[in-house]
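Summary of structural features
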Amino acid sequence: MLVLRLLNVVAPAYFLCISLVTFVLQIFLFIPSMFRDPSTTPLFSPALLHGALFLFLSANALGNYVLVIQSSPEDLGKGSNLGEGAEVVADWLDGSRSPGSALPSTHFCRLCARATQRHDHHCFFTGNCIGSRNMRNFIMFCLYTSLACLDSLVAGMAYISAALSMSFANPLAFLTLLPHSISQFFSGALLSSEMFVILMLYLWLGIGLACAGFCCHQMLLILRGQTRYQVRKGMVVRARPWRENLREVFGKRWLLGLLIPVLNVGSDYRRQKEK
């Protein structure tokens with residue numbers, strides 16, 4: 001438990017540090033290098049277009065990141081007379097103490113010290129549980145983080161291609177870039193800043209692929225009307241049309257949530273809560 005609590009602190013700090021480094025590299029290194037191309041017009045230069053795209057992706061990624069934390073799942077054990085202590089609440093809500101007492105899809109997270117309904121998983125990078133209230137913002141966070149990493153990867157490759165006078169037309173060029181760069185760096189033929197950018201290229205690739213895979217996996221579970229907790233526990237869910245499952249998570253104003261980071265205003269969960 002101590003290792004998990006430590007990871008719950010280190011992972012958000014790691015994400016914020018990577019975000020800050022990416023922002024600094026884009027604003028002060030990649031985008032200024034694009035302005036050096038004399039063949040482009042000032043109004044529609046690749047630097048301005050790329051800068052606007054990066055700011056849009058970053059604003060959505062960080063905005064949904066904040067909303068995931070802000071829209072924490074409701075604590076079902078708060079105010080309930082199930083007994084004293086977190087262990088008793090966990091036993092009752094999970095059905096360990098009484099088989100008939102478990103609420104559907106309810107799980108007690110010992111890291112967050114709260115019991116949530118329709119619990120999906122605990123995200124260490126946000127330090128928060130993912131449930132009905134913040135599932136849509138979490139998916140948007142994964143989506144835009146993946147796109148921002150892909151955007152940074154392309155911009156970084158363009159910078160390295162110009163700085164080292166190399167071409168990435170051959171797919172093997174990217175695969176062999178790291179070992180060749182390490183040997184050149186220790187021999188003094190490669191600058192520290194260029195070596196740092198090359199390391200960030202592989203980091204962006206890994207984070208982007210991981211976030212994209214996680215986003216696709218979550219979307220598949222949503223279409224099936226399941227959560228990761230239900231799959232892990234082998235729970236049987238009621239079969240419903242996939243449109244209803246999507247509407248339950250994304251609500252009616254799903255298009256607005258694709259463009260700007262907003263709370264899940266039109267979801268079925270909030271309408272049920274208001275009733």
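Let me begin by describing the structure that accompanies this report.

Conventions we followed
- Residues numbered from 1 in each chain as written.
- Predicted model: local features only at pLDDT ≥ 70, side-chain atom pairs only at ≥ 80, totals over all residues.
- Heavy atoms only, no water.
- Helix = DSSP H or I, 4+ residues; strand = E, 2+ residues; numbered from the N terminus.
- Buried < 20%, exposed > 50% of the residue type's maximum accessible area, 1.4 Å probe, protein only.
- Contact = heavy atoms within 4.5 Å.
- Areas by Shrake-Rupley, 256 points an atom, 1.4 Å probe, with all protein chains shown as cover.
- Axes fitted to C-alpha atoms, helices over the stretch in contact; angles between N-to-C directions.
- Parallel < 35°, antiparallel > 145°, perpendicular 65-115°, else oblique.
- Nonpolar A, V, L, I, M, F, W, Y, C, P; charged D, E, K, R; others polar.
- 1 Å grid on protein atoms, 1.4 Å probe; cavity = no way out; pocket = protein on both sides within 12 Å on 5 of 7 lines; lining within 4 Å.
- Points joined across faces, edges and corners; volume = space filled by probe spheres on them.
- Patch = residues over 30% accessible without salt bridge, like charges linked within 9 Å, V, L, I, M, F, W, Y side chains within 5 Å.
- Salt bridge = Lys/Arg side-chain N within 4 Å of Asp/Glu carboxyl O.
- Core = buried A, V, L, I, M, F, W, Y, C linked by side-chain atoms within 4.5 Å.

1. Examining the overall build of the chain
Of the regular secondary structure elements, the chain holds eleven helices and four strands. Split into buried and exposed, the 275 residues of the chain put 42% on the buried side. Relative to all contacts within the chain whose residues are 6 or more apart in sequence, the contacts with residues 24 or more apart total 61%. Carbon and sulfur atoms make up 67% of the accessible area of the chain, which amounts to about 15300 Å² in all.

2. Some details on the packing of helix α1 (residues 2–34) against helix α2 (residues 46–70)
Between two packed helices, both the angle of their axes relative to each other and the distance between the axes serve to describe the pair. Their axes nearest at 10 Å, the elements α1 and α2 cross at an angle of 170°. Classified by the angle between their axes, α1 and α2 sit roughly antiparallel to one another. Across from P12, F15, L16, S19, T22, F23, Q26, I31 and M34 in α1, the residues of α2 making contact are P46, A47, H50, G51, F54, L55, L62 and Y65. In terms of residue class, the contact of α1 with α2 is made up of twelve nonpolar, five polar and no charged.

3. Section: empty space enclosed by the protein
All told, the structure shown has one cavity of 30 Å³ or more when counted by the stated rule. Space inside the largest cavity adds up to approximately 150 Å³. R118, M135, I222, T227 and V249 are the residues nearest the centre of the largest cavity, which is lined by 16 residues in total. Among the elements of the structure, α7 (192–224) and α9 (242–250) are those that each provide at least two residues to the lining of the largest cavity. A per-class count over the lining of the largest cavity returns five nonpolar, seven polar and four charged.

4. Overview of the environment of F124
For F124, the position within the fold is in the loop between β3 (121–123) and β4 (128–130). Along the chain, F124 and V9 lie 115 residues apart, while their C-alpha atoms are 7.8 Å from each other. Excluding its chain neighbours within four sequence positions, the residues that come into contact with F124 are L4, L7, N8, A11, P12 and L111.

5. A closer look at a nonpolar patch on the surface
Residues L53, F56, W254, L255, L256, L259 and I260 make up a contiguous nonpolar surface patch of roughly 650 Å² in combined accessible area. The set of elements that each furnish at least two residues to the nonpolar patch consists of α2 and α10 (254–259). The leading source of residues in the nonpolar patch is α10, at four residues. If you trace the backbone, L256 turns up in helix α10.

6. Looking at the nonpolar core
Ranked by size, the top nonpolar core spans 24 residues in total, and within it L25, F30, I160, F168, V197, L201 and W204 carry the most contacts. Those elements that provide at least two residues to this core are α1, α4 (135–164), α5 (171–175) and α7. The dominant element in this core, judged by the number of residues it contributes, is α7, at eight residues. Not counting the four nearest positions on each side in its chain, L25 is found in contact with F30, F196, V197, M200 and W204. Core analysis: the next-biggest nonpolar cluster, separate from the first, contains 20 residues, A61, I130, M140 and C215 among them.

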